[in-house]
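Structure assessment
Listed below are the residues making up each chain.
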Amino acid sequence: MSTHPIKELGEVALTEEGMTFHDVTETVASVTERSAPRNWWIALFIAASFAGVFGAAVGYLVWQGVGVWGNNAPVYWAWDITNFVWWIGIGHAGTLISAVLFLFRQKWRTAINRAAEAMTIFAVICALMFPGIHVGRPWLAYYMFPLPNSMAIWPNFKSPLIWDLFAVSTYFTVSTLFWYVGLIPDLASLRDRAMGMTGKFAKVRATAYGALALGWRGANRHWQHYERAYMILAALSTPLVLSVHSVVSFDFSTSVEPGWHTTIFPPYFVAGAVFSGFAMVMTLMLIVRAVYGMKAVITMKHLELMNKIMLVTGTLVGYAYGMEFFIAAYSGNPYEKYVFMNRAFGPYSWAYWTMITCNVVSPQLFWSKKLRTSIPVMFAVSIFINIGMWFERFVIIVTSLHRDFLPSSWGYYRPTAVDVCTYLGTLGLFFTLFLLFIRWVPMIAIAEIKGVLPQADPHAEEHGDHEHHDHAAESDAALAPGE
Amino acid sequence: MAADPKKTEASEHHAPAKPRPAGPIIIGPKELPAPPKAVAARKRTSLLLAEYSTPAKCLHAAEKLRDAGYKNFDAHTPFPVHGMDAAMGLPDSPLGYLVLCGGLTGVSIGVLMIWWMNGVDYPIIIGGKPGFTLPASVPIMFELTILLSAFAAVFGMFHLNRLPRHHHPIFESDRFRAASDDKFFVSVEAEDPKFDLKKTRVLLEATHADAIEAVEETVAGESPKEETH
Amino acid sequence: MSEQQNKKSSANSKEAPTYRLNAQWSGLWKVFAVLAALGLAGAAAGYSSNPTRFAYSWLFGFLVAVTIAIGAMMWVLIQYLTSAGWSVTVRRTAEFFGSGTVVFLALVVPVILTMNTTFAGWLHVGAHHEGGAEAPHAAVIMGESSMLAQVEHTDSAHPAPSQAMPAVADHAAPAPAGHGAVLGHAAHATVREDPEELLEQEIMSRKTWWLNKNFFIARSVFYVLVWFGLGSWLLRRSILQDTSKDVKLTAGTASMAPVATIFLAFTLTGGAFDWIMSLEPSWYSTIFGVNFFASSFVAIHAVLILTLMSMRSSGMLVKEVTVEHFHDLGKMQFGFLVFWAYISFSQFMLIWYAGIPEETTWYHRRWDVGPWAPVGLALVGLHFVVPFFLIISRNFKRKLGWLKLGAGIILTMHVVEIYWFVMPNLPKQDDFAFSWIDAACLLGAVGAYLAVVFRNMASHSLIPVGDPRLSRALKFQNA
C-alpha cells in the first residue's frame, strides 16, 4: 500500500494510470519507425541551414584570422568564450538529471533523462567548437595535448586552459559512455522490433540497431553488472560535472582580474550551469511533448518538478550574485567595488539588468503553483533563463575586461556579424543533432520507464495479503515527490 | 542490490493464489520427451526457455531453479527486476574493484605525467610557481581519475557480461523478441550439469509459465562456448 | 491509507514505549548538564586567568555546537524539500539536534562580551573612525602611498605600480589598497609610521559600515534568534503530528521549507562571515559561507550516524533504523565529504593561485607557519583522504563498524577544523600550545547544547510516529 501516492501531500503516479509495458515500448519506439512528420523536415531544414552558416562563419574566420571578430584591446575574450561557457553549462543539466537525480532516487527523471543526456553531448560538441577556433590556427590545436611538439615543450599544466581541455574532453567522453550504456537495452528493443518488421529498411534497421545493441538479451546476469556500472557511472559523473564547470570558472577566477577573481566562482558556475541546462531541457521537452504527443510519459508533474529545480538553482545563482556584491562592499577594496558598480550602472548596465531580470526575477514566478503548471508560462520562463544565462557569462567576461586598470585602456566591445553568425550557427548545429537524435534514437529510456511502472514490482500482486511483509522494494519506486 | 536471500525465499511460500493457466504452450520438439534427434542430426537443444507474463512469476521461477541446484540458468527481462539477483542466488558484482583500479591508475598517470613533463623534463616557471606543484595539478589528476574509472566501469561491465556477443542460441527463438518488450523469460542452458530435457521441463511447467520452448541451435562442428559464469 | 493509519494507531498503542529512550539514556541529559557545568566552571576560571585565551576558546566551543545545530536544521529542511520517504525514522533525531538552538541564546553572550578581544582587528578601527574622520586619514595615506611608490621606483628595478584609479563614482580619494603586492614590499622604506598599519587602517575604515560594534551585536542576536525559532518550530510541528497524525502538518512544513532554507542560508553565511571571517579583518572570500555550510553538513551526518548507532547498540530503534538507512546516511556523508573537499580546495587553490596579499593572510597563518601547518595537512589527510577511503565502498558503508569509524574520524576532525578556523588568530602565535581553557570551553558550550538536545530526546518519541511517509522509511531498502 505504501507505494501508493499520498494524495494529501500532492503525490501522483509517474505515468498515466493503466500503462502497460508494451505501451511504453510502442509509444517510444514507434517514433523512430514511423516516417518523420513534415514539421520535422521543416525544422531540420532550418537547423541545418543555420549549421551551414556556422560552417561558413568558421571557414571565414580560419581564412582571415580572429580579427574578423569584435574582440580587441582590452576585451580579448568575448563572445567566443561566452558561447563556450554557455554551451558547457547547458550540457550540465543532462548529467545532473541522469546522474545526480539517479543517485537521489528521483525516479521521475526517467521521462527526461535520455533526451537530456543527448542534449549534454550535443551541447558539449557545440562548446568544444569555440576553444578549437578561437586559437586562430586550429591546425596547431595539438599543442594543447601532452604530445612532444616541434619545440620540445610540454603543455603548461599549471594553466587553467589546459585543465579545461582535460575537463571538457573527459566530460564529453564520460557523458557519451553513460548515454550509450543507458541506450543498450533500448537499442535491443528496437532491434527486436525490427526483426519482426517487413519493408525496405527492416533489414538495415535490424542490422544497425543489432550491431549497436551488442547482442543484449536482457539477461539478469547482465543486468546485475549493468546496473552496477550505471550506478558507478552516475557516481563518477556527479563530481565530474561539478569539476567541469568549476574548471571553466577557474579560467577566470585564478586570475587577478577584479570581477573574475572571487572564490565563489566554482559552485556559482555549477549552479548557473544546472540552471541554464534545465531551462534548455524544458524548452526542448515542451516542444517534443507537443509534437510527438508524449503527454502520458512526460506528465505535468515532471514539468512542475523541473520548474522547482529551476527555482532552486535560480535562487542559488541569486545567492552568488548577492555574495559577490556583498563581498565587493565588505572587502573595502576599491577595485572590487568599482567593477560591481560599473556592472550595474556602467555602459553595460543594460546587459546586467537583462541578466538579473531573466535569471533572478523570472523564475520567482514559479513560487506560484498556478504559474509553474502553466505551459505557456514555463515555456516563456525557460527561454528567458536561456537568454539570462548567456548574458550572465557576457556580463562577467566583458564588463570585467572593458575597464582596465588604466583609463587609457578602456573600451567598449561590440560583436561583428561573424560573431553573431558563429553563435547562431552553433544553435543550428545543436538543433540539427537533436532532431537527428529524436528521429533515430529512442528519446525516452524505455527500460527505465518500465522499471517505474507499478506492475514492475515483482511483489506488487502480493501486497494485498501481506501488508507488513517487508521483503519488497517498498521504496518510493513509482512515486513522484509531492509538494 | 537485492533483498536478503532468506527473505525472498520466504516470499515463495506466499506464492500468489492465482488460478494456474490451463498449461503452457509447448514449442520446440513436439514429441515430448523424445527430442527429434533423428530428424535433424545437426541440431541440438541448447536451452530451455520459459515465458512469463509478469515479473513475479519469473522471479519465483528463478527461485525454484536456484533451489533445485541449477547453475547455468538466467532470467531475461525487459528491465532489471528488483530482487532477481537474490532469487537467482548471484554473488555481488565485482565491478567496483575494477573501477577502483582504474581510478588509481588514472590518478597515478596524472601526477606522474605532470611531474615528469613540467617538473623534470622541461620545467617552466610561470606565475611564480614551481615547475611541478600539487595544487595546480589537482584538476588534471582528478579528471584522469574519473576518465579511467569510467573506462573501467564500462569496459569492465562489457567484459564481465562477455559483450558484445551477437550470436547466442537464445536468439533462435522468435518468442524471445518479446523479452525486450513486455515478456519475462527464464532460460536453462543444456550445459548445466543438472539439465535434463524432461525433468527441467517438468520443473518449468510447474512455474506458471505461459510457454515453454526448447531452443535448438545448428551445430557446425563447434561447441557453443561457455557463456554464463 | 486507512489501513495504514489503523495499523499505525494500533502499533502506537502497543509499541509506543519502544520509541522512547530507555532508562539508561533518558538520564543522559543530566550527565551532559553536569559536564556542561564543569566546563562552564572551567571556562570561568579560564576567563579569570587568561581572558584573551578564553575569548578565542569560547568562540571555538560555541561554533562547534553551532555548526552541528545548523547542519541538523538544514538536514531536516532538505528532507522536507525533497519529500524524502527513506529518512523519516532518522529525521526525529536530527530534529532533536536542531532543537538545541535555544541554548545559543545564552552561549552567544560571552562571544559578544569578549568581542573587544576577538574582533579587536576591526573594532578599534571602527571606533577610531567614527564621527567622519575618514577624509583626513585618506589624504595622509594617499600622500604616504605615492611617496612609497617613488621609493619603490628608485630603490628597485621594479616598475612603478600603477596608481591610476578607476573612476569610482563615490570614491573621494584614491586608495592604495588594491591588487598589487607592491606596498607590502615597501613596508620598511618609511621611518615615520608603519605603512602596513596605515594601509590596514585605510582598508578597515571602508568596512565600518558592516563591521561595527552595534551592528555586529544586532546581527549576532538576530542569527541565534532565527535559529532558535527554526529549530523549535521544526521539532514542534513534527511532535504535534505524533498525536494528531495530521497529514496537513507535513504539507505545511514542506511548503514553508523553501523560505526557511533561504533564511537559514543567509544567517549561516552571516555567522560565518561575522564570527570567523572577520577574525582576520582584511581577509574576504565569497565562498566562505558555503565552506561553513559544508563543514556543518558533513558534521551532522557524522553526528547522526554515531548517535543512531549508539542508540541501536543499547536496543533502541533496532527495527526502525536499519543498515539500509545507515547505507544512505553513509552515501550522504560521503557525498558531502567530497563536497567539503571541493569547496575547501576551491577556496585554497584560488587564493594560492592568485597570490593577492590581502587574501593570502588567512592561509599564511593557517598553512605556512607556526603550529598550524601540520594541522592544515592533517585536515587534508584525516578530514578527507582517510574517511574518503573508509566509506567509499558500498560494502564498507554497510559494515557498520567501518562507517562508525569514518564518522568518528570526521566528527573529530570537524572539531579540529573549527579550532583551525579560530585559534590561529590568537595573538602571540609563536608559543601557541593547546590549553585546558580550550577544552573547558568546548565542554561547556557543547555540553550545554547536548543537555538540551538529550532533554528533548527524553521527553518525546524517537521517531515521528505520525508521519504519513513513515511506512516507506520502515520498509526502505536500497535498490
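Computed from a predicted structure; not experimentally measured. (Residues numbered from 1 in each chain as written. Chains lettered and ligands numbered in written order. Predicted model: local features only at pLDDT ≥ 70, side-chain atom pairs only at ≥ 80, totals over all residues. Heavy atoms only, no water.)

**Focus on the overall build of chain C**
- Looking only at helices and strands, one finds 21 helices and zero strands in chain C.
- The burial tally for chain C puts 57% of its 479 residues in the buried class.
- When contacts within chain C are restricted to residue pairs at least 6 apart in sequence, those whose partners lie at least 24 apart make up 82%.
- Carbon and sulfur atoms provide 66% of the accessible area of chain C, an area that totals close to 17,800 Å². (Helix = DSSP H or I, 4+ residues; strand = E, 2+ residues; numbered from the N terminus. Buried < 20%, exposed > 50% of the residue type's maximum accessible area, 1.4 Å probe, protein only. Contact = heavy atoms within 4.5 Å. Areas by Shrake-Rupley, 256 points an atom, 1.4 Å probe, with all protein chains shown as cover.)

**What about the overall build of chain A?**
- On a plain count of helices and strands, chain A comes out with 15 helices and zero strands.
- The C-alpha atoms of chain A give a radius of gyration of 24 Å, which matches the 23 Å a tight globule of 483 residues would have.
- For chain A, the spread of C-alpha atoms along the three principal axes comes to 80 × 55 × 45 Å.
- With 483 residues in all, chain A has 65% of them scored as buried.
- Within chain A, counting contacts between residues at least 6 apart in sequence, those at least 24 apart form 82% of the total.
- As presented, chain A carries roughly 16,100 Å² of accessible surface, and 71% of it is formed by carbon and sulfur atoms.
- Distance between charge centres in chain A, computed from 31 positive and 31 negative side chains, equals 8 Å. (Rg over C-alpha atoms; globule rule 2.2 N^0.38 Å. Lys, Arg positive; Asp, Glu negative; His and termini not counted. Charge placed at Lys NZ, Arg CZ, Asp CG, Glu CD.)

**Quick look at the packing of aromatic side chains**
Residues and elements named next belong to chain A.
- What the rule picks out here adds up to 99 aromatic pairs over all chains.
- An angle of 90 degrees between the planes, with centres 5.7 Å apart, marks the rings of Tyr268 and Phe269 as edge-to-face.
- With relative accessibility at 3%, the residue Tyr268 sits in the buried group.
- Phe269 gets classed as buried once you look at its relative accessible area, which sits at 2%. (Phe/Tyr/Trp six-rings, centres within 6.5 Å; stacked < 30°, edge-to-face > 60°.)

**Quick look at unusual backbone geometry**
- Put simply, A:Ala73 and A:Pro74 share a cis peptide bond, and its omega is 0 degrees.
- On the secondary structure map, A:Pro74 appears in the loop between α2 (38-64) and α3 (79-103).
- For A:Leu214, which is not glycine, the phi dihedral falls at a positive 60 degrees.
- Inspection of the secondary structure assignment puts A:Leu214 in the loop between α6 (202-213) and α7 (220-253).
- On the basis of relative accessibility, which here comes to 10%, the residue A:Leu214 falls in the buried class.
- Backbone geometry at B:His208 places phi at a positive 60 degrees, although glycine is not the residue there.

**A short note on a nonpolar patch on the surface**
- Side chains of B:Leu100, B:Leu104, C:Val380, C:Leu382, C:Val385, C:Val386, C:Phe389 and C:Ile392 sit close together on the surface and give an oily, nonpolar patch of about 580 Å² of accessible area.
- Position of C:Leu382 among the secondary structure elements: in helix α17 (residues 372-391). (Patch = residues over 30% accessible without salt bridge, like charges linked within 9 Å, V, L, I, M, F, W, Y side chains within 5 Å. Salt bridge = Lys/Arg side-chain N within 4 Å of Asp/Glu carboxyl O.)

**Brief notes about the interface of chain B and chain A**
- Every contact between the two is made by 81 residues of chain B and, on the other side, 68 residues of chain A.
- On the surface where chain B and chain A come into contact, there are two salt bridges.
- For B:Asp74, the salt bridge goes to A:Arg221, with nearest N and O atoms at 3.9 Å.
- Counting the contacts that link chain B with chain A gives 29 residue pairs in polar contact (both at pLDDT 80 or more).
- Contributions of two or more residues to the side of chain B that touches chain A are made by α1 (5-12), α2 (55-67), β3 (73-76), α3 (84-88), α4 (95-121) and α5 (134-161) of chain B.
- With 18 residues, the top contributor of residues to the side of chain B that touches chain A is α5(B).
- Along the lines of polarity and charge, the residues of the side of chain B that touches chain A split into 48 nonpolar, 19 polar and 14 charged. (Polar contact = N/O pair within 3.5 Å; in protein donor to acceptor, adjacent residues only side chain to side chain. Nonpolar A, V, L, I, M, F, W, Y, C, P; charged D, E, K, R; others polar.)

**Focus on the environment of A:Ser189**
- Within the secondary structure, A:Ser189 is located in helix α5 (residues 160-195).
- On the basis of relative accessibility, which here comes to 4%, the residue A:Ser189 falls in the buried class.
- Taking the C-alpha atoms as reference points, A:Ser189 and A:Glu26, separated by 163 residues in sequence, lie 10 Å from one another.
- Contacts of A:Ser189, omitting those with residues within four sequence positions, involve A:Thr25, A:Ile446 and B:Ser180.

**Observations concerning the packing of helix α4 (residues 113-134) of chain A against helix α8 (residues 265-292) of chain A**
Residue and element names in this part refer to chain A.
- α8 packs onto α4 with a crossing angle of 120 degrees between their chain directions and a minimal axis gap of 10 Å. Between α4 and α8, the angle falls in the class oblique. α8 is crossed by α4, and the crossing has right-handed handedness. Residue-level contacts link Ala115, Ala116 and Met119 of α4 to Gly277, Met280, Val281, Leu284 and Met285 of α8.
- A per-class count over the contact of α4 with α8 returns seven nonpolar, one polar and no charged. (Axes fitted to C-alpha atoms, helices over the stretch in contact; angles between N-to-C directions. Parallel < 35°, antiparallel > 145°, perpendicular 65-115°, else oblique. Left-handed = near helix turned anticlockwise from the far one by under 90°.)

**Brief notes about the packing of α3(A) against helix α13 (residues 375-402) of chain A**
Residues and elements named next belong to chain A.
- Two numbers describe how α3 lies on α13: the axes approach to 9 Å, and their chain directions differ by 135 degrees. Judged on the interaxial angle alone, α13 and α3 are oblique. Note on packing geometry: the crossing formed by α3 with α13 is right-handed. Residues Trp79, Ile81, Thr82, Asn83, Val85, Trp86, Gly89 and Ile90 of α3 lie in contact with α13, whose contacting residues are Asn386, Met389, Trp390, Arg393, Phe394 and Ile397.
- Considered class by class, the residues forming the contact of α3 with α13 number nine nonpolar, four polar and one charged.

**Some points on the nonpolar core**
- Of all hydrophobic cores here, the largest spans 346 residues; its most connected members are C:Phe62, C:Phe104, C:Trp227 and C:Trp275.
- In terms of residue count, the dominant contributor to this core is helix α4 (residues 51-81) of chain C (20 residues).
- A domain-level breakdown of this core finds at least three residues from each of domain 1 (43-92 + 168-220) and domain 2 (95-160) of chain B.
- Each residue touching C:Phe62, except ones within four places of it in the same chain, is listed here: C:Phe104, C:Leu107, C:Val108, C:Val111, C:Val224, C:Trp275 and C:Ala445.
- Among the nonpolar cores identified, the runner-up in size contains seven residues, and B:Leu49, B:Ile170, B:Phe176 and B:Phe185 belong to it. (Core = buried A, V, L, I, M, F, W, Y, C linked by side-chain atoms within 4.5 Å. Domains from an automatic or database assignment.)

**Examining helix α3 (residues 28-49) of chain C**
Residues and elements named next belong to chain C.
- Along its 22 residues, α3 runs 31 Å from first to last C-alpha, staying within 8% of the 32 Å computed at 1.5 Å per residue.
- Within the sequence span of α3, burial applies to Phe32, Ala36, Gly39, Gly42, Ala43 and Gly46. Across the axial projection of α3, the buried residues extend over an arc of 130 degrees, all falling on one side. For α3, the exposed residues set more than 90 degrees away from the buried face come down to Leu38 and Ser48.
- Next to the buried residues of α3 lie α4 and α20 (436-459). (Expected span 1.5 Å × (residues − 1). Arc of directions from axis to C-beta.)

**Brief notes about the pattern of salt bridges**
- Under the definition given, this model contains 27 salt bridges over all chains.
- In this structure, the salt-bridge partner of A:Arg228 is B:Asp92, at a minimum N-O distance of 2.9 Å. In this pair, A:Arg228 is assigned in helix α7 and B:Asp92 in the loop between α3 and α4, connecting two distinct chains.
- Taking the shortest distance from any N to any O, the salt bridge between B:Asp67 and B:Arg66 comes out at 3.0 Å.
- Among the residues examined, B:Arg66 registers a relative accessible area of 15% and is labelled buried.

**Regarding the confidence of the model for chain C**
Residues and elements named next belong to chain C.
- The predicted model of chain C averages 82 in pLDDT, with 81% of residues at 70 or higher.
- Taken together, the stretch residues 1-17 has pLDDT below 50 and engages in 12 contacts with residues farther than four places along the chain or on a different chain.
- The low-confidence segment residues 128-190 (pLDDT under 50) makes 81 contacts with residues lying over four places distant or belonging to another chain. (pLDDT = per-residue confidence, 0-100.)

**Concerning the pairing of strand β2 (residues 43-52) of chain B**
Residues and elements named next belong to chain B.
- Judged by how many residues are buried, β2 sits mostly within the fold: eight of 10 residues are covered.
- In terms of strand pairing, β2 meets strand β5 (residues 211-218) through eight bridges, oriented antiparallel. Its bridge partner being in β5, Leu47 is matched across the sheet by Val215.
- Bridge analysis of β2 against strand β4 (residues 184-189) gives six bridges, and the strand direction is antiparallel. (Pairing = 2+ DSSP bridges.)

**A look at the environment of A:Thr299**
All names here are of chain A.
- Along the chain, the position of Thr299 falls in the loop between α8 and α9 (300-331).
- The exposure class assigned to Thr299 is buried, which follows from its relative accessible area of 12%.
- With 191 residues separating them along the chain, Thr299 and Trp108 place their C-alpha atoms 9.6 Å apart.

**Some remarks on the environment of C:Ala341**
- Relative to the helices and strands, C:Ala341 resides in helix α15 (residues 323-354).
- Taking the C-alpha atoms as reference points, C:Ala341 and C:Ser314, separated by 27 residues in sequence, lie 34 Å from one another.

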